[in-house]
Amino acid sequence: MSRILRPEPEGDGPPTGDDFVEEVLAVVAAIPAGHVMSYGSVAAALGSRSARGVGRVMAHAGSGSPWWRVVRSGGLPPRGLEHDALPHYHAEDTPLVVTPSGYRVARSAWI
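Residues numbered from 1 in each chain as written. Predicted model: local features only at pLDDT ≥ 70, side-chain atom pairs only at ≥ 80, totals over all residues. Heavy atoms only, no water.

What follows covers the packing of helix α1 (residues 17-30) against helix α3 (residues 51-61). Close contact between α1 and α3 brings their axes to 10 Å; oriented N to C, the two are set at 85°. Here α1 lies roughly perpendicular to α3, going by the angle between them. Within the contact between the two elements, α1 uses Phe20, Val21, Val24, Leu25 and Val28 and α3 uses Gly53, Val54, Val57, Met58 and Ala61. Taken together, the residues of the contact of α1 with α3 sort by class into nine nonpolar, one polar and no charged. (Axes fitted to C-alpha atoms, helices over the stretch in contact; angles between N-to-C directions. Helix = DSSP H or I, 4+ residues; strand = E, 2+ residues; numbered from the N terminus. Parallel < 35°, antiparallel > 145°, perpendicular 65-115°, else oblique. Contact = heavy atoms within 4.5 Å. Nonpolar A, V, L, I, M, F, W, Y, C, P; charged D, E, K, R; others polar.)

Below, the structure is given as structure tokens:
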């Protein structure tokens, strides 16, 4: 498995404000093609427990990043973007599992 490298935080705690946005986007940009991280895993990589904060960053500032590589805790793509994410998963050969309600990303793709 790959390890995500992130900028070293300045100070003693997790990043906040603009630093948090920048660091979330840096972690997401470092996720290799064909792999994913959950919102909570991205937060944890930054020393934060704010999965919702990561979700807010992705919703408001993540459109220029590989947003499809950040999934919900059950491996589901971002809510409302399932159809838009699928071509990216296929292009990157991301392993998927077909479910009765659609699909999810297979655990083998998680970092």
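Of note in the backbone geometry, aspartate 93 takes a positive phi value of approximately 55° without being a glycine. Note that aspartate 93 resides in the loop between α4 (82-91) and β3 (96-99). Residue classification places aspartate 93 among the exposed positions, given a relative accessible area of 65%. (Buried < 20%, exposed > 50% of the residue type's maximum accessible area, 1.4 Å probe, protein only.)

The next point concerns the nonpolar core. Grouped burial of nonpolar side chains is what soluble globular proteins tend to show. Within the largest apolar cluster, 24 residues are counted, with the highest numbers of intra-cluster contacts made by Val24, Val42, Val54, Met58, Val70, Tyr89 and Val105. Among the elements that line this core, the one with the most residues is α1, at four residues. Ignoring any residue separated from it by four or fewer positions in sequence, one finds methionine 58 in contact with Val24, Leu25, Val28, Tyr39, Ser63, Ser65, Trp67 and Val70. (Core = buried A, V, L, I, M, F, W, Y, C linked by side-chain atoms within 4.5 Å.)

Looking now at the pattern of salt bridges. Opposite charge on two side chains makes pairing possible when the charged atoms of those side chains draw close. Enumeration over the complete set of coordinates arrives at two salt bridges. A salt bridge links arginine 69 to glutamate 92; its shortest N-O distance comes to 2.6 Å. Here glutamate 92 lies in the loop between α4 and β3 and arginine 69 lies in the loop between α3 and β2 (70-71), a separation of 23 residues in the sequence. The exposure classification of arginine 69 matches that of glutamate 92, with both residues buried. (Salt bridge = Lys/Arg side-chain N within 4 Å of Asp/Glu carboxyl O.)

Attention now moves to the side chain of serine 65. Looking at the element boundaries, serine 65 is found in the loop between α3 and β2. The class of serine 65 is buried, set by a relative accessible area of 10%. Not counting residues within four places of it along the chain, the set of residues in contact with serine 65 comprises Leu25, Val28 and Met58.

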